[in-house]
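The residues making up each chain are set out below.
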Amino acid sequence: MTELHPDLRENVRMLGELLGQSIRRYPGQDCYDLIEQIRAAAKADRRQESGSGQRLVSLLGKLSDDELLPVTRAFNQFLNLANLAEQYHGIRRKRGHHSDLMVESLGEVFARLKTAGVDAETLHQRVSDLRIEFVLTAHPTEVARRTLIKKYDEMSDCLAQLDHDDLMPAEREAIVARLARLIAEAWHTDEIRHERPTAVDEAKWGFAVIENSLWQALPDFLRSLDVSLTEATGQGLPLHATPIRIASWMGGDRDGNPNVTHEVTRKVFLLGRWMAADLFLRDVRALRAELSMWQASDELKAQVGDAREPYRQVLADLRDRLLKTRDWAEALVNGEPADASGILFENEDLTGPLELCYRSLVECGLDTIAQGPLLDTIRRAHTFGLPLIRLDIRQEASRHAEAVAEMVDYLGLGDYRQWSEVERQAFLVRELSGRRPLVPRHWQPSEPVREVLATCEVVARQTPEALGSYVISMASKPSDVLSVILLLREAGMKFPMRVVPLFETLEDLRGAPEAMAALYQVDWYRDYCQGRQEVMIGYSDSSKDAGQLMAAWAQYQAQEQLTEVARRHGVHLTLFHGRGGTVGRGGGPANRAILSQPPGSVNGSFRITEQGEMIRFKFGLPRLAVQSLTLYSTAVIEATLAPPPGPEPEWRKTMDWLTERSLSAYREVVRENPDFVPYFRQVTPEQALGKLALGSRPARRKPSGGVESLRAIPWIFAWTQMRLMLPSWLGSDVALEEAARHGRMPVLREMMQGWPFFRTYVDMLEMVLAKADLRIASYYEQILVRDPSLRALGESLRSRLQGCIKRLLELKEQERLLEHEPVFAHSMRVRNPYTDPLHYLQAELLRRDRESEGKGEVPEMVERALKVTMAGIAAGMRNTG
């Protein structure tokens, strides 16, 4: 049985001991002893695999209200520290140490591709043209407060310092003392947000990820890409290449979030410019200190005259304009009058002076200096630019149709809502081809339409570098796309913004190829999109709608067909993957996911959402971010130049056969069983999730309604908290059972062997099943389900989960789950004694919370402790929704 790496185990032990010291000092020895007893009981219960958790339950049942909070906080805090140790372990550089989490280097992947027959010129061209865009989303799954995240980052720095073998004893003691102090500060800091963050707060959190990590990581990554590319092809990365881009939905995603208004979006654009000016100001000041040389090109001298230190002169002018830009943005954010003269607005205003210095240094033979921090700043200027981040706008299709309908009605042109799709398209193309404005000057639209138009006006005032994509949810027809372009044009848009239909339900995914084919047949649109199109695939809602197995197959087929339709119409397609952190929302190891996409669908470009706590796990520290950027880039390059094999005809038929069974089995429970929604509400903490101030967006699209009205995140969060993990396996259990009964297991093994898509699906399913826990799920039911008639459903679901595990082991020919993932398996075992008490406490606290709500008042200690259990379990599971 694989143990944790000795260095990782030592760090986990040390952090745990330091936390113990803090707990001992407060709130007293009794509390520490109690926590140790609970931990020992949890370990003992786990050792008896069939144990019922009785010792633990008995100990926890004796806790007074005053003891609840320190106990839950202690276990939550340890799980956060274990995550921190694992995260650091993935990037550590200790001599002679090879991390278990290391990623394959760029050089290794390039060498493998060349061996496979990819010539140097093709490789260089593909890497130079690479387009990978990470879209940071405000999906509310980051439980930890920013205050604590900063402390955890400092703790990581301490662990890095302790990895030096040449420390003097006094130096070592000082670092450990600093670590102890940080852990004590975290222990005495309230870990739960009490105020729900605003959409602007979320955007600031996104900017902080750039400031604290990506600002450093991006040029570091591009340097290593440049070196590896030069070694492999003899040519480096072009100066203007931007293989990585960062976009955001924070402050732009208004789908189902009434808190994101045009005013919020305007403010976020300005805050991005303020932050960019501030960060580039720091760079330019540092460059002025460095570039003291006097040799300069004629081109540079022509600009600065006979200045003795020409580079410093150019940079001083740039510094002054950056200061003006920062002051201008700050004034506008605060609603004060602002002077726009002399500010930097277009990106060339920033890149021009920097590249002038670069060209001059190269011309004077000072290449070594040109390739230093100046090159890093130029690369930041091309990637982040003056807007800092590209903001996406997301809105539902019906909101745009409503705006056009009101306009058409006011002008007396008819009833747009009643028009056929052909009539709508004809009208929209006619207006788009003409020159006259459509929006009447004195027209007073309804409030919702006014908001849509105001948002378009804010967008139209931005530069191209400030804008990502305009994503239309619930899009299904060409008119959904054309109406957005018309509204943007009416608002004064001067350039073509990417307009991206989002296909997310099963029905949407099935209709997507036909919808896009219809759009490409509109001549006016083909000219507009200039041969490039982006299409977004939604993972969360399709899984909630159809179950994980059916959704995965529908997504795969939609991508195949969308790729083929685009190829037929001569359009370069970029697929935008709306994945979440969990398997139920399309999450899982990124490189394997990319390398299992349909052949041809990753064509040098890839766009993906990164959300909540996954942003921190992937990009929270500069070296971690470099590792993540490397992992994504190698996978996209490989999937482009050496795509995976597609499925054999027999495998397709088998997938159709499996998914037919999984879909009906999933919907039979979730949609058709009248006991399902009442059982879900009683057995999970779904109703209490609203108490966690997780994000600016409401948990429901509509205040009332069943599972269909619930957002995908709380739907998955709720099942993860009580360890039934239902969204990720329900339906697959029946599909695998039927496959076994009908003798199809040999074919499924063939599919696993020869088809990366199916192999990845099975591996993801195994990972989720390993996180499920029948004993804990059963305990929640015992404590929380008051209606005895609902318990038969719980019994049936747990039995099906057991059957799913049995069939998966049979398929993989294994004795136990995670046999080939020993590190992950051991990590789960280390966490269990810390998550178990939180689960048992959460069930008890939910019971008290519901009883108190019935009486009209919930004790503050109960509510606080309940929130801490949610945060702790999320940390233990390494994801929320």
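Residues numbered from 1 in each chain as written. Predicted model: local features only at pLDDT ≥ 70, side-chain atom pairs only at ≥ 80, totals over all residues. Heavy atoms only, no water.

## Quick look at the environment of Glu 668
Item 1. With respect to the helices, strands and loops of the structure, Glu 668 is situated in helix H26 (residues 649-670).
Item 2. Taking the relative accessible area as the measure of exposure, Glu 668 reaches 49% and is therefore partly exposed.
Item 3. Note: C-alpha distance between Glu 668 and Arg 390 (278 residues apart in sequence) is 42 Å. (Helix = DSSP H or I, 4+ residues; strand = E, 2+ residues; numbered from the N terminus. Buried < 20%, exposed > 50% of the residue type's maximum accessible area, 1.4 Å probe, protein only.)

## Regarding unusual backbone geometry
Item 1. One non-glycine residue with positive phi stands out, namely Met 474, at about 60 degrees.
Item 2. As for its position among the elements, Met 474 is in the loop between strand S4 (467-473) and helix H18 (478-490).
Item 3. The class of Met 474 is partly exposed, set by a relative accessible area of 39%.
Item 4. One non-glycine residue, Leu 818, lies in positive phi territory at about 60 degrees.
Item 5. Summarising the element assignment, Leu 818 is placed in the loop between helix H34 (791-812) and helix H35 (822-855).
Item 6. Residue classification places Leu 818 among the buried positions, given a relative accessible area of 7%.

## Regarding the environment of Ala 665
Item 1. Summarising the element assignment, Ala 665 is placed in helix H26.
Item 2. According to the relative accessible area criterion, Ala 665 is buried, its value standing at 7%.
Item 3. Taking the C-alpha atoms as reference, Ala 665 lies 6.6 Å from Val 734; in sequence the two are 69 residues apart.
Item 4. Other than its neighbours up to four places away in sequence, Ala 665 contacts Gly 731, Val 734 and Arg 800. (Contact = heavy atoms within 4.5 Å.)

## Quick look at the confidence of the model for the protein chain
Item 1. Chain-level statistics for the protein chain give a pLDDT mean of 90 and a share of 93% at 70 or above.
Item 2. Below a pLDDT of 50 lies the segment residues 94-101, which in the model reaches 17 contacts outside its immediate sequence neighbourhood of four places, other chains included.
Item 3. The low-confidence segment residues 581-587 (pLDDT under 50) makes 38 contacts with residues lying over four places distant or belonging to another chain. (pLDDT = per-residue confidence, 0-100.)

## Remarks on the packing of helix H33 (residues 774-784) against H34
Item 1. For the pair H33 and H34, interaxial distance at closest approach is 11 Å and the crossing angle is 175 degrees. The angle between H33 and H34 places the two elements in the roughly antiparallel class. Contact residues: H33 offers Leu 774, Ala 777, Ser 778, Glu 781 and Gln 782, while H34 offers Arg 791, Gly 794, Glu 795, Arg 798, Leu 801 and Gln 802.
Item 2. Across the contact of H33 with H34, the residue classes tally to 3 nonpolar, 4 polar and 4 charged. (Axes fitted to C-alpha atoms, helices over the stretch in contact; angles between N-to-C directions. Parallel < 35°, antiparallel > 145°, perpendicular 65-115°, else oblique. Nonpolar A, V, L, I, M, F, W, Y, C, P; charged D, E, K, R; others polar.)

## Some remarks on helix H31 (residues 745-754)
Because each turn of an α-helix spans 3.6 residues, side chains separated by three or four positions end up pointing in the same direction.
Item 1. Within the span of H31, buried status applies to Met 745, Val 747, Leu 748, Met 751 and Met 752. Down the axis of H31, the buried set is contained in an arc of 160 degrees. They therefore lie on one face. Among the exposed residues of H31, those pointing more than 90 degrees away from its buried face are Pro 746 and Gln 753. (Arc of directions from axis to C-beta.)

## What about the packing of aromatic side chains?
Item 1. Evaluation of the coordinates by the stated rule reveals 28 aromatic pairs.
Item 2. Members of the aromatic cluster, connected to one another through ring pairs, are Trp 553, Tyr 556, Trp 651, Trp 755 and Phe 757.
Item 3. In this structure, Arg 744 packs its charged tip against the face of Trp 657, placed 4.0 Å from the ring centre. (Phe/Tyr/Trp six-rings, centres within 6.5 Å; stacked < 30°, edge-to-face > 60°. Lys NZ or Arg CZ within 6 Å of the ring centre and 35° of its normal.)

## A word on the pattern of salt bridges
Item 1. The full count for this structure, using the stated rule, is 59 salt bridges.
Item 2. Arg 13 serves as the salt-bridge partner of Glu 17, at 2.6 Å between the closest nitrogen and oxygen. Remark: Arg 13 and Glu 17 occur in helix H1 (residues 6-25); sequence separation between them is 4 residues, near one turn of the helix.
Item 3. Given the relative accessible area of 44%, Glu 17 is considered partly exposed.
Item 4. Residue classification places Arg 13 among the partly exposed residues on the basis of a relative accessible area of 40%.
Item 5. Between Asp 253 and Arg 394 there is a salt bridge, with its nearest N and O atoms 2.9 Å apart. Taken together, the residues Asp 253 in the loop between strand S2 (244-248) and helix H10 (262-290) and Arg 394 in strand S3 (residues 390-396) connect sequence positions 141 residues apart. Here Asp 253 matches Arg 394 in class, with each residue buried.
Item 6. Several salt bridges share partner residues, and in doing so they unite Glu 660, Arg 661, Glu 737, Glu 738, Arg 741, Arg 807 and Glu 810 into one network. (Salt bridge = Lys/Arg side-chain N within 4 Å of Asp/Glu carboxyl O.)

## Examining the pairing of S4
Item 1. Of all 7 residues making up S4, 7 are buried, and the element is well covered by its neighbours.
Item 2. Note that S3 and S4 share 5 bridges and pair parallel. Residue pairing in the sheet places Ile 393 in a bridge with Tyr 470 of S4.
Item 3. Sheet analysis places S4 next to strand S5 (residues 498-503), joined by 4 bridges and oriented parallel. Note that in S5 the partner of Ile 472 across the bridge is Pro 501.
Item 4. Traced from S4 through H18 to S5, the parallel crossover comes out right-handed. (Pairing = 2+ DSSP bridges. Right-handed = clockwise from strand over helix to strand, strands pointing away.)

## Looking at the state of the cysteines
Item 1. Scanning all chains against the criterion turns up 0 disulfides.
Item 2. Cys 364 takes part in no disulfide bond, and the closest cysteine sulfur, belonging to Cys 357, lies 11 Å away. (Disulfide = S-S within 2.5 Å.)

## As for a positive patch on the surface
Item 1. A cluster of basic residues, Arg 146, Lys 150, Lys 204 and Lys 267, forms a positive patch at the surface.
Item 2. Assignment of secondary structure puts Lys 204 in helix H9 (residues 199-233). (Patch = residues over 30% accessible without salt bridge, like charges linked within 9 Å, V, L, I, M, F, W, Y side chains within 5 Å. Areas by Shrake-Rupley, 256 points an atom, 1.4 Å probe, with all protein chains shown as cover. Lys, Arg positive; Asp, Glu negative; His and termini not counted. Charge placed at Lys NZ, Arg CZ, Asp CG, Glu CD.)

## Overview of the side chain of Glu 638
Item 1. In this structure, Glu 638 sits in helix H25 (residues 622-641).
Item 2. Setting aside chain neighbours within four positions, we find Glu 638 in contact with Val 109, Arg 112, Leu 113, Leu 595 and Pro 643.

## Notes on the nonpolar core
Item 1. Leu 179, Trp 719 and Phe 758 are the most contacted members of the largest nonpolar core, which has 291 residues in total.
Item 2. Top element by residues in this core is H9. It accounts for 16 residues.
Item 3. Beyond its immediate stretch of four places on either side in the chain, Phe 758 contacts Met 655, Leu 658, Leu 748, Met 751 and Met 752.
Item 4. Within the second largest apolar cluster, 8 residues are counted, among which are Ala 247, Trp 249, Val 500 and Leu 502. (Core = buried A, V, L, I, M, F, W, Y, C linked by side-chain atoms within 4.5 Å.)

## Description of the side chain of Glu 451
Item 1. Positionally, Glu 451 belongs in helix H17 (residues 447-460).
Item 2. Buried charge without a salt bridge: Glu 451, with Arg 254 as the nearest opposite-charge side chain at an N-O distance of 4.2 Å.
Item 3. Excluding residues that lie within four positions of it along the chain, Glu 451 makes contacts with Arg 254, Thr 261, His 262 and Arg 399.

## Observations concerning a negative patch on the surface
Item 1. A cluster of acidic residues, Asp 30, Asp 33, Asp 66 and Glu 67, forms a negative patch at the surface.
Item 2. Within the residue set of the negative patch, elements represented by two or more residues are helix H2 (29-47) and helix H4 (65-89).
Item 3. Topologically, Asp 66 is positioned in helix H4.
Item 4. Looking at Asp 66, the relative accessible area reads 59%, which means it is exposed.

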